[in-house]
Amino acid sequence: MTMTSTSKGDTAASAPLSSATEAALPSSSQALNSPGAAHIRSFVHRRGHITQGQRDALERLLDLWSIPYEPHKLDLAAAFGRQAPTILEIGFGMGETTEKIAMSRPDDNFLGVEVFNAGVGSMLKRIEASQLQNVRIIQHDAVEVVRDMIAPDTLDGVHVYFPDPWPKKRHHKRRLIQPPFVALLASRVKPGGYVHCATDWEQYAQQMLEVLGNDPLLRNAADGYAPRPEFRPQTKFEARGLRLGHGVWDLMFKRVG
Ligand SMILES: C[S@@+](CC[C@H](N)C(=O)[O-])C[C@H]1O[C@@H](n2cnc3c(N)ncnc32)[C@H](O)[C@@H]1O
């Protein structure tokens, strides 16, 4: 799956950001300077296109809804202004799914982590358009966010939807769902909480099943792959893939006590 879609009504343009917004946004060079940033990244830095609407949203709304990366634990209740079950979403892309889930689950908090400006701009637009109060954004490498900002046993759930499959063998090392990161992620989930992944890449689905299945803190809530839960809407990419005869695999694991 590639990130080529733009939000409705936006014209794609390579619009430069103002210097103030550029300064507020994390760059991958900053990410490289964060503590212990020696791991292989699951994304590559590319400037990509950003629409005028996404740029405007970054300028106006970033400060309101985003939390800067910092190498210490985040107080989730303070970040959301309430105590509520908190779901971490890794790589929300353009935020289409996040918006729908956050609207349908107003009693849960959603912490979305994404690295690319266009995606963050798009998510900010959705927060404003749908008047979402239960979404916060961290624009940074999710591996470092989970490691540094999320305290153990605090998350009620984790969503990882259609992570980059890195299909070439020499790039498999960039895949997010690998044993060390899954062990870290599982440690951040409360006992009874869940890790939900979905992919349209069969070989990555098999890797996910094996890696999640081998983690001692996780138990498969299904017999093998899980049916798509009602709360996860079908994305446009997914619907197109299904029409073309591609499969989609959901995985639902629970954190054990
Ligand atoms: C293929 S897209 C899927 C987007 C979305 N979840 C969906 O289903 O449409 C994967 C997304 O993960 C993001 N991503 C990859 N590695 C990441 C990381 N380490 N931290 C945060 N975001 C990451 C990418 O920027 C990209 O937007």
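Residues numbered from 1 in each chain as written. Predicted model: local features only at pLDDT ≥ 70, side-chain atom pairs only at ≥ 80, totals over all residues.

A word on the overall build of the protein
Stage number 1. A tally of helices and strands in the protein yields ten helices and seven strands.
Stage number 2. Per-residue burial for the protein yields a buried fraction of 37% across its 257 residues.
Stage number 3. For the protein, long-range pairs separated by at least 24 residues make up 82% of all intrachain contacts whose partners lie at least 6 apart in sequence. (Helix = DSSP H or I, 4+ residues; strand = E, 2+ residues; numbered from the N terminus. Buried ≥ 20, exposed ≤ 12 C-beta atoms within 10 Å, placed from the backbone. Contact = placed C-beta atoms within 7 Å.)

A short note on the pairing of strand β4 (residues 155-161)
Along a regular strand, successive side chains alternate from one face of the sheet to the other.
Stage number 1. Burial within β4 is extensive, with six of its seven residues counted as buried.
Stage number 2. As paired elements, strand β1 (residues 86-90) and β4 share four bridges and run parallel to each other. The partner of Leu88 across the bridge, within β4, is Val158.
Stage number 3. Crossover connection from β4 via helix α8 (residues 179-188) to parallel strand β5 (residues 189-199): handedness right-handed. (Pairing = 2+ DSSP bridges. Right-handed = clockwise from strand over helix to strand, strands pointing away.)

A look at the environment of Gly157
Stage number 1. Checked against the element boundaries, Gly157 lands in strand β4.
Stage number 2. Distance in space between the C-alpha atoms of Gly157 and Glu89 is 8.5 Å, their sequence separation being 68 residues.

What about the UniProt feature "binding site: S-adenosyl-L-methionine" (unreviewed entry) in the protein?
Stage number 1. Annotation from UniProt places "binding site: S-adenosyl-L-methionine" (unreviewed entry) at Glu89, Glu114, Asp141 and Asp164. Spatial clustering of the annotated residues is evident: they stretch over 76 residues in sequence, but the largest pairwise C-alpha distance comes to 14.2 Å.
Stage number 2. You can see Glu89 is positioned in strand β1.
Stage number 3. Excluding residues within four positions of it along the chain, Glu89 makes contact with Thr98, Phe110, Gly112, Val113 and His159.
Stage number 4. Discounting residues that sit within four places of it in the chain, Asp164 has contacts with Ser42 and Phe43. (UniProt positions renumbered as here; feature names shortened; annotations may be inferred.)

Section: unusual backbone geometry
Stage number 1. Unlike most non-glycine residues, Asp153 shows phi in positive territory, near 55 degrees.
Stage number 2. You can see Asp153 is positioned in the loop between α7 (142-149) and β4.
Stage number 3. Residue classification places Asp153 among the exposed positions, given that 12 C-beta atoms sit within 10 Å.
Stage number 4. You will see that Trp166, though not glycine, has its phi angle at about 40 degrees, which is positive.
Stage number 5. The exposure class of Trp166 is partly exposed, given the 17 C-beta atoms found within 10 Å.

Here we look at helix α9 (residues 202-214)
Every α-helical turn comprises 3.6 residues, leaving residues that sit three or four positions apart pointing alike.
Stage number 1. Helix length check: α9 (13 residues) gives 18 Å between terminal C-alpha atoms against 18 Å at 1.5 Å per residue, within 8%.
Stage number 2. Those residues of α9 not exposed but buried are Tyr204, Ala205, Met208, Val211 and Leu212. Considered in projection along α9, the buried side chains sweep an arc of 135 degrees and stay on one side of the axis. Across from the buried face of α9, at angles greater than 90 degrees, the exposed residues are Gln203, Glu210 and Asn214.
Stage number 3. Those residues of α9 that are buried are in contact with α8, β5, β6 (218-220) and β7 (249-255). (Expected span 1.5 Å × (residues − 1). Arc of directions from axis to C-beta.)

Topic: the site of the ligand
Stage number 1. Taken together, 24 residues surround the ligand, and among them Ser42, Gly91, Gly93, Ala142 and Phe162 come closest.
Stage number 2. The residue inventory of the shell around the ligand, partitioned by class, reads 15 nonpolar, six polar and three charged. (Near = placed C-beta within 6 Å. Nonpolar A, V, L, I, M, F, W, Y, C, P; charged D, E, K, R; others polar.)

Describing the sheet that holds strand β2 (residues 109-113)
Stage number 1. Spatial ordering of the open sheet is given by β3-β2-β1-β4-β5-β7-β6, a layout of seven strands whose pairing is mixed. Edge strands, defined here as strands with exactly one partner in the open sheet, are β3 (135-138) and β6. If you compare each strand with its neighbour and ignore which way they point, the axes differ by 20 degrees on average.
Stage number 2. Of the strand pairs in this sheet, β5 and β7 are connected by six bridges, and their pairing is antiparallel. (Axes fitted to C-alpha atoms, helices over the stretch in contact; angles between N-to-C directions.)

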